[in-house]
Structures are given as C-alpha cells and as structure tokens.
Amino acid sequence: MPATSYPVRPEVLAFEPYSPGLSIAEIQSRYGLDTVIKMASNENPLGVSPYVQKVIADHAGFAFRYAQSGNPRLVGALADYYGIPAAHIVPGNGSDEIIDLLLRVCPSPGLHNVVACKPSFSMYRIQSRLCGVEFRSVALREDFSFDWQGLLAAVDERTALVFLTTPDNPSGWCPSLAETEDFARSLPQHCLLVLDEAYADFCREQGRSLLPRFREFSNLVFLRTFSKSFGLAGLRLGYGIMPEALANSMRAAHMPFSVNILAEAAGIAALEDGAFLEATLRTVSEGRERLSEGLTSLGCRVHPSEANFIMFRPPATCAKDAAGIFQDLLERGLIIRPLKSYGLPEHLRVSVGTGEENERFLSLMREILA
Ligand SMILES: *Cc1c(COP(=O)(O)O)cnc(C)c1O
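Computed from a predicted structure; not experimentally measured. (Residues numbered from 1 in each chain as written. Predicted model: local features only at pLDDT ≥ 70, side-chain atom pairs only at ≥ 80, totals over all residues. Heavy atoms only, no water.)

Caption draft 1: Molecular detail of the domain arrangement of the chain. When cut into domains, the chain gives domain 1 (10–47 + 275–369) and domain 2 (50–273). Here domain 1 and domain 2 have C-alpha centroids that lie 25 Å from each other. On the domain 2 side, the residues contacting the 29 residues of domain 1 number 30 residues. Of the roughly 2,400 Å² buried where domain 1 meets domain 2, counting both sides, 60% is carbon and sulfur surface. Among the residues domain 1 hides against domain 2, the three largest losses belong to Leu-277, Glu-306 and Tyr-342. Together they make up 28% of the total. Measuring nitrogen to oxygen at the nearest pair gives 3.0 Å for the salt bridge that ties Glu-289 to Arg-204. Looking at which element gives the most residues to the side of domain 1 that touches domain 2, the answer is helix H11 (residues 274–297), with 8 residues. (Domains from an automatic or database assignment. Contact = heavy atoms within 4.5 Å. Buried area = accessible area lost by both parts, 1.4 Å probe. Salt bridge = Lys/Arg side-chain N within 4 Å of Asp/Glu carboxyl O. Helix = DSSP H or I, 4+ residues; strand = E, 2+ residues; numbered from the N terminus.)

Caption draft 2: View of the environment of Val-284. Relative to the helices and strands, Val-284 is located in helix H11. By relative accessible area, Val-284 is classed as buried at 1%. In sequence terms Val-284 and Ala-153 are 131 residues apart; their C-alpha atoms lie 37 Å from each other. Residues in contact with Val-284, not counting those within four places in the same chain, are Pro-45, Phe-202, Ala-307, Asn-308 and Val-352. (Buried < 20%, exposed > 50% of the residue type's maximum accessible area, 1.4 Å probe, protein only.)

Caption draft 3: Expanded view of the site of the ligand. The full set close to the ligand counts 13 residues, and Asp-196, Thr-225, Ser-227, Lys-228 and Arg-236 are the nearest of them. One nitrogen or oxygen atom from the side chain of Ser-227 is found 2.6 Å from an oxygen atom belonging to the ligand. Between the ligand and Arg-236, the relevant distance is 2.7 Å, taken from an oxygen atom to a side-chain nitrogen or oxygen of the residue. In isolation the ligand exposes 390 Å². Once the protein is present, 93% of that is buried. Taken together, the residues of the shell around the ligand sort by class into 3 nonpolar, 6 polar and 4 charged. (Near = heavy atom within 4 Å. Polar contact = N/O pair within 3.5 Å; in protein donor to acceptor, adjacent residues only side chain to side chain. Areas by Shrake-Rupley, 256 points an atom, 1.4 Å probe, with all protein chains shown as cover. Nonpolar A, V, L, I, M, F, W, Y, C, P; charged D, E, K, R; others polar.)

Caption draft 4: Expanded view of the pairing of strand E8 (residues 238–241). Where burial is concerned, the two faces of E8 agree: the one with Gly-238 and Gly-240 and the one with Tyr-239 and Ile-241 are both buried. Here strand E2 (residues 89–92) pairs with E8 via 4 bridges, running antiparallel. By the bridge assignment, Gly-92 is partnered in E8 with Gly-238. Relative to E8, strand E7 (residues 220–225) runs antiparallel, the two being bridged by 4 bridges. Of the residues in E8, the one forming a bridge with Thr-225 is Gly-238. (Pairing = 2+ DSSP bridges.)

And the structure:
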C-alpha cells in the first residue's frame, strides 16, 4: 500500500479497534449448534414488549420522514413520566450519545479533565480520549465499592465531569443514597457529577436514585436508557436529565435527527406499557436470586448485584480459569461476558436471562466445573 498523507489524530492512532467477538451465526456454524443463548450484554430477557412491537410496525410507513428536531413528543412523555420539566431532558441515540455530547460540550481539550472509576464503562474513557480531554481514573476498592476519598482527591479546579455508574457495571454494586448525596455535595460547584443510571430500575429499593430530588442540586446529570429495562437496545434510545442551561447547550450542539422516528414512537409506547416493565423487573429479580444461589452452590464467588447481571469468580479449586469457562460455555452455545477488557481477567459477568436460560446456564456450569 502506498504511504498515506492524510492526517489522523494521534489519539485515534493509539486506539485499539473494538473486538465484538463472534456473532451468533458464526458460533452456530463453527460449533455446529442449532441454538445459541446470549447472556452477555445485559439486554432485556423478555425481549421487546408486544405492545411496543405493534407501535413500531404502525409507524413503519413514516420512516421516509425526518423526526421532529428535539423529539418534543418523546421529551414530553418523559417529562410526564418523571414529573420533571421538559427543559431539563435531552434525548439521544442511546445514552452513549449523551455521554459523547457531554464530553464535547463541557470540557475544553487540553484544559479540563474528567474523572471516573477504574474499571468503569469504557465509553467514558474512549470518548474523553477522542475529544482530547485528560481522563483520570480512580481504582475501585477491593470490594468493588467506590473510593469516595480517592475520587475527591482526583478532582481539581480543572475537572469538568465526574462519571459514576449506579448501580455499577460490571460489579452490580450500588452506593446508598446518602453516600451519593454526600459525594455530590462535596464536589466543587464547577464540577458536574454524571450519574449513569442505566440499571437503576433493577435496584431492590427504588430509593437509591437522587433523580426524584434533582431540583435540590445544581451540578447533577442523570443518564437513563431504553436499552435495558425497556428492551430497546437495538433501536438506540437514551436521555440525559440535567440543569436547564446545560440542556440548552446540549441541544444547540446536538445532531438534529439522531433519535429516529421509530425509536421515538417505541420509547413513548414503552413508557405506557407499565405491565411489561413490571414483568421485566420480576423476571430479573427472580433470575438474579436463582443465579446467585446456583453459582454460590457451585463454589463460585458471587458479588451482590443491584442490576440485571451478576459478576462472579469461578472457584479457585477449578482446573479451568475464567477464560476457559467462557470458551467452554461458548462451545456449548451460551455466550457470557469475560471481563478481561475491564482489567478483571479472573471474573465473568452473566446477564440474567429467562427462567429457562438461567437453568441452562447453571446446568452447563455444573457440567464444566465438575
Ligand atoms: C448499557 C449501558 C448504557 C446504555 O447505553 P445505550 O447507549 O443507552 O445503549 C449506559 N451506561 C452503562 C454503564 C451501560 O452498561
């Protein structure tokens, strides 16, 4: 190949391409399997609500239209759902887009920095680097709780954003409301605290989010998504709830049509389908108990989880390491998530599935660990 002369930013040249692993079709043909179960990406075990599917089908004929810029119908539905004025809500193409937008709107490259935990959701780090913004990470404590003092020590007068995932991914740990509130109040006023609540619906007690009290704070941003509890990961729909002035800046910098009309219609319908959400939460809560108990009885070290997944460590006595167990499950048609990319090569993460999927996973684990 001839040498190229076009510019590519050095930050980007240093990136490792994302490796998505084998697709379901590739796993089927490589290992000669009829069915493959995926418990790797924390998707909704019940799939898409039948009511939402119908609404998506009903809107198919409008796909030639641009969505209304700013998605006012969706924003209005979210405002009603939470009892929060629409001026605070910014929808995006997944909450990933809101993370990206916050990093492009708030910190100035080369001047400000961003703080998060290590490990944490890779998007915070990747998008910070892409924006040329310094990314500081503070190790979690031994028990996977947040090192509040360490986080505060990493914050300085040039910290624009602190990202926390509550409940956390991949551990499932969730701080108490009092801890989060103390931390929010300890941060300097110039620093925004971004609470990524992708998994908040799955918490045992709903009182763990500051969202109902967001008016008491001037430096909080909440991220929520339709990808997990509402079962719409593939449609890409999330939103941020934030101070009004920041929401105005975000809207001004936003790509005008990033939330498409099918995602918008589906999101509004999903908010109306309370029965589906309730069934999802019941399935996840029962499955989480069953998986914890089953893995514990197989000798695994299970971390308590407030989310729709469980992080665990295979028994030390087992001849196979986490990577070997992941591979054995894959060859038997069940995909879970190895955590090497999170810097946790000895841990695995499994998403809660349907009752049947959970039993299949546990019986394969019994076979592999025997
Ligand atoms: C799944 C997940 C999200 C959701 O991302 P979308 O872009 O809305 O699909 C956000 N944050 C964390 C930590 C997640 O695990």
